[in-house]
Amino acid sequence: MSLSYLEANARERIAHLLDVGSFEEFLPPAKRIVSPHLGQLDAPVSFDDGVVVGRGTLQGLTVFAAAQEGGFMGGAVGEVHGAKLVGLLKRAVQDGAEAVLLLLETGGVRLHEANAGLIAVSEVMRAVLDTRAQGVAVIVLVGGSNGCFGGMGIVARCANVVIMSEEGRLAMSGPEVIETANGVEEFDSRDRALVWRTSGGKHRYLLGDCQQIVADDVAAFRAAALAAVQTCKSASTALTLAGLEAEQAMLTQRIARFGTLSEPQDIWVALGLSATQAQQVPMLEADAFVALAANYRVKG
Amino acid sequence: MDWQQLVAQLFPQGHSITETAQFLSGSAQVDGNTVTVVGTTGHTPIGIEIALAQAQAILATVRQHPGRPIVILVDTQGQRLRHRDEMLGINSYMAHLGKCIELARRQGHKIIGLVYDQALSGGFITSGLMADACYALPQATIRVMGLPAMARITKVPEERLTELAKDNPVFAPGPENYRRMGGIAEIWSGDLAVQLQQALAAVSNQDQRAALGQQRGGRNWSQRVVTAIVDGVDVQPA
Amino acid sequence: METLNYRYEHGTRTLPVRPELVGVVSSGNLEVLIEAVDLGGACSVEIKTAARGFGAIWQAVIGDFQQRWQLADIRISINDMGATPAVVSLRLDQAVESMLEEK
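None of the values given here were measured: they were computed from a predicted structure. (Residues numbered from 1 in each chain as written. Chains lettered and ligands numbered in written order. Predicted model: local features only at pLDDT ≥ 70, side-chain atom pairs only at ≥ 80, totals over all residues.)

Asks: Account for the overall build of chain B, naming residues and giving values.
Replies: Along the backbone of chain B there are 10 helices and 10 strands. Over its C-alpha atoms chain B spans a radius of gyration of 18 Å, differing by no more than 12% from the 18 Å that the globule rule assigns to 238 residues. A principal-axis box enclosing the C-alpha atoms of chain B has dimensions of 45 × 40 × 35 Å. In chain B, which comprises 238 residues, the proportion classed as buried is 58%. (Helix = DSSP H or I, 4+ residues; strand = E, 2+ residues; numbered from the N terminus. Rg over C-alpha atoms; globule rule 2.2 N^0.38 Å. Buried ≥ 20, exposed ≤ 12 C-beta atoms within 10 Å, placed from the backbone.)

Structure below.
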């Protein structure tokens, strides 16, 4: 029986992603570690401050995992929420985990916590890279309705592997913010098809910003996460000069090849898809899309 | 403060920093040693090109000048808000810059950030905030977002946010709040060259901001929550 | 935000020890934390709600809930963001059912 990742909440995602019954939560809701800042805005708190963190197994392998609850404050990161992620990343190193899985669904910095939220996201960024440096792979999963935006969109690309569904979006500024700043001509935030062509899983996969794309199914995400953990075992998880120079070249190439284009579909054609194939992209199921993309995508 | 005045004060022993389209790069002398300088000016938005240019300068330093310290000068209005940058994956360009700074740190380069004018959110999070320590001038503005936009997104009335922004540490923009929260290490005034030398001498490659925020009373929960999870215990009283 | 508290004495049904959480604090929704606590046989309910002035409705919904389950030595804590009585009822029942589930 398939379970939609998109429609599942954070707790459901973690429970079904990991081996049944294996998940042990750190600072569970009963501990009531809530936001110290939301009260002054008369906003409700959540007993887990919108993120579930803990340890479990994935096909028997010890993994640490976090799932952001997109329903609470858009999954945005406040002081406690960010500290839970940092604590998880550090504990994973200490306990010798195989990997950390970050199920990200977030608008980025929680504006209700402004300065504290910004510093929190920055600390998560450093913690992700520190965890990688100490030999523990960090794998990001993006498939919730809020996408992964803001400073957390940056954190996602600090991970070893990014796994997305077509429904997922990965970007920095949301379309509404861009439309507000620079007008509807710049980005019509109500053009959903454009939004997904711009920041959705398929586009990111073609560009090389996501390494795996799966159907909207928790079981598919589980299989992809397991494959990612296995892949990461066979190489170093840390940053290398060679790796970053290759990424520099890839990102420079990206501007050279596509920098004057304004429509994502034109990028797909520039990658080698025919005009017809490019138009079909949004309609394809995950497997068919992966098969098509294999010949054309940038290997990120 | 304009960047030429800034670098004249920071580097009295001399520098070769140039500006191209609001991107600053070059090298300078500090206490008899050469440092790489990279940064931005003119409150520029950070788009994919300028993020890449900063990353390039960092990588060149790691490749060609082992152990050379790096100084990041920050003046930005935040990330560039354009469809094109999002389409091309500005989050990846930003992450790339952050990773290059992290690599430099791992390879033993000391990295100091300095907000000398404006720093907003996305323009700051993978540059100044990825340094070993980030400092600020007293007149710097550091903030997450402009109040009207924040009001629109949070649905909190602008008047309420304006009130909070006056003296509430979480909302008030400015180096003093960031300092208290541990995000900024210190605020520099007086002899900037001496402050920079001291900063380079004091560098730690561990992220100490949560502990600092706790010590200074600006953030009372971050460090306690991290410790509780790492130690497998309840959150301890403040 | 408004905080409401209710307590019902002389419950009869106890539940397993492990705390459970159902729901999400999103618009029109709520989270319910349910825990076994020694309350001398009572059931206590604390609600923090973003919607002020609905005390009488909460009282009715919680009252019906306790009529249904007659819980003893149970503490229920709620963070609410404007859920309708129907959704509140549903989540409360889900909370009890999650404790009764075999794990």
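Asks: Which residues make up the overall build of chain C, and what values go with them?
Replies: In terms of regular secondary structure, chain C is built from 2 helices and 5 strands. Against the globule reference of 13 Å for 103 residues, chain C gives a C-alpha radius of gyration of 13 Å, in line with a compact fold. Here the C-alpha coordinates of chain C stretch approximately 30 × 30 × 20 Å along the principal axes. A burial count over chain C gives 38% of its 103 residues as buried. Excluding contacts between residues fewer than 6 apart, the proportion of contacts in chain C whose partners are at least 24 apart in sequence is 86%. (Contact = placed C-beta atoms within 7 Å.)

Asks: So what's going on with the environment of I163 of chain A? Which residues, and what values?
Replies: All names here are of chain A. Inspection of the secondary structure puts I163 in strand β6 (residues 161–165). The exposure class of I163 is buried, given the 27 C-beta atoms found within 10 Å. Put simply, I163 and Q212 are 49 residues apart on the chain and 4.8 Å apart in space, counted from C-alpha to C-alpha. Setting aside chain neighbours within four positions, we find I163 in contact with I139, L141, C210, Q211, Q212, V214, F221, A224, A225 and A228.

Asks: How would you explain the sheet that holds strand β1 (residues 2–8) of chain C if you had to name every residue and give the values?
Replies: Residues and elements named next belong to chain C. If you trace the 5 strands from one edge of the open sheet to the other, you get β1-β4-β5-β3-β2, paired in mixed fashion. In the strand order of this sheet, the two ends are held by β1 and β2 (20–23), each with one partner. Averaged over all pairs of adjacent strands, the angle between strand axes in this sheet comes to 15 degrees, irrespective of strand direction. For strand β3 (residues 30–36) and strand β5 (residues 74–80), the ladder comprises 7 bridges, and the chain directions are antiparallel. When the sheet's bridge partners are listed, L30 is paired in β5 with D80. (Pairing = 2+ DSSP bridges. Axes fitted to C-alpha atoms, helices over the stretch in contact; angles between N-to-C directions.)

Asks: If you had to explain the confidence of the model for chain C to someone new, which residues and values would you point to?
Replies: When pLDDT is averaged along chain C, the result is 96, and 98% of the positions lie at 70 or above. Our summary of model confidence lists the complex with pTM equal to 0.98 and ipTM equal to 0.98. (pLDDT = per-residue confidence, 0-100.)

Asks: Please give an account of the interface of chain A and chain C that cites residues and values.
Replies: If you look at the interface, chain A gives 13 residues, while chain C gives 16 residues. For the side of chain A that touches chain C, a count of residues per class yields 7 nonpolar, 4 polar and 2 charged. (Nonpolar A, V, L, I, M, F, W, Y, C, P; charged D, E, K, R; others polar.)

Asks: Just give me the short version of the sheet that holds strand β2 (residues 51–58) of chain A, but keep the residues and values in it.
Replies: All names here are of chain A. Across the sheet, which stays open at both edges, the 7 strands sit in the order β1-β2-β3-β4-β5-β6-β7 with mixed pairing between neighbours. Two strands close off the open sheet at either side, each with one partner strand: β1 (24–26) and β7 (212–214). Across the sheet, the mean angle separating the axes of adjacent strands is 25 degrees when strand polarity is ignored. Of the strand pairs in this sheet, β6 and β7 are connected by 3 bridges, and their pairing is parallel. From the neighbouring strand, S165 faces β7, where its bridge partner is V214.

Asks: Tell me about the interface of chain A and chain B, and please be specific about residues and values.
Replies: Every contact between the two is made by 68 residues of chain A and, on the other side, 64 residues of chain B. Taken together, the elements giving at least two residues each to the side of chain A that touches chain B come down to α2 (79–94), α3 (114–133), α4 (151–156), α5 (175–182), α6 (192–199) and α9 (241–258) of chain A. Among the elements that make up the side of chain A that touches chain B, the one with the highest residue count is α3 of chain A (14 residues). Residue classes in the side of chain A that touches chain B are distributed as 37 nonpolar, 17 polar and 14 charged.

Asks: Let's hear about α9 of chain A: which residues, and what values?
Replies: Every α-helical turn comprises 3.6 residues, leaving residues that sit three or four positions apart pointing alike. Taking 1.5 Å of rise per residue, the 18 residues of α9 of chain A would be expected to cover 26 Å, and the 25 Å separating its terminal C-alpha atoms lies within 8% of that figure. Where the residues of α9 of chain A are buried, they touch α10 (264–271) of chain A together with α2 (48–64) and α4 (90–106) of chain B. (Expected span 1.5 Å × (residues − 1).)

Asks: Can you break down the packing of helix α5 (residues 147–154) of chain B against helix α6 (residues 158–167) of chain B residue by residue, with the values?
Replies: Residues and elements named next belong to chain B. For the pair α5 and α6, the least separation of the axes is 9 Å and the interaxial angle reads 125 degrees. Looking at the two axes, α5 sits oblique to α6. Here the hand of the crossing between α5 and α6 comes out right-handed. Judged by residue contacts, L147, P148, M150 and A151 of α5 engage E158, L161, T162 and A165 from α6. Partitioned by chemical class, the residues of the contact of α5 with α6 number 6 nonpolar, 1 polar and 1 charged. (Parallel < 35°, antiparallel > 145°, perpendicular 65-115°, else oblique. Left-handed = near helix turned anticlockwise from the far one by under 90°.)

Asks: Report on unusual backbone geometry, specifying residues and quantitative values.
Replies: For residues that are not glycine, phi is negative in most cases, and the peptide bond is trans in most cases. Of note in the backbone geometry, Q59 of chain A takes a positive phi value of approximately 50 degrees without being a glycine. Along the chain, Q59 of chain A turns up in the loop between β2 and β3 (61–68). Positive phi, close to 60 degrees, is recorded for H10 of chain C, a residue that is not glycine. Among the secondary structure elements, H10 of chain C is positioned in the loop between β1 and β2.

Asks: Would you mind going over the domain arrangement of chain B in detail, with residue names and values included?
Replies: All names here are of chain B. When cut into domains, chain B gives domain 1 (3–204) and domain 2 (208–238). Computed over C-alpha atoms, the centres of domain 1 and domain 2 are 26 Å apart. If you look at the interface, domain 1 gives 6 residues, while domain 2 gives 9 residues. (Domains from an automatic or database assignment.)

Asks: Account for the nonpolar core, naming residues and giving values.
Replies: Counting residues in hydrophobic clusters, the biggest one holds 204 residues, and the most contacted among them are V100, I139, I163 and A225 of chain A. The greatest single-element share of this core, amounting to 11 residues, is contributed by α3 of chain A. Formed jointly, this core draws a minimum of three residues from each of two domains, domain 1 (3–204) and domain 2 (208–238) of chain B. Look past the residues within four positions of V100 of chain A in its chain and what remains in contact with it is F64, L88, L89, A92, T131, V136 and V138 of chain A. (Core = buried A, V, L, I, M, F, W, Y, C linked by C-beta atoms within 7 Å.)

Asks: Explain the pairing of strand β3 (residues 33–40) of chain B to me, and be specific about the residues and the numbers.
Replies: Residue and element names in this part refer to chain B. Counting buried residues along β3, 6 of its 8 residues qualify, which places the element largely inside the surrounding structure. Joining the antiparallel neighbours strand β2 (residues 23–30) and β3 is a turn of 2 residues, in which D31 adopts a positive phi near 55 degrees. Relative to strand β5 (residues 70–74), β3 runs parallel, the two being bridged by 4 bridges. Following the sheet pairing, V37 is matched in β5 by V71.

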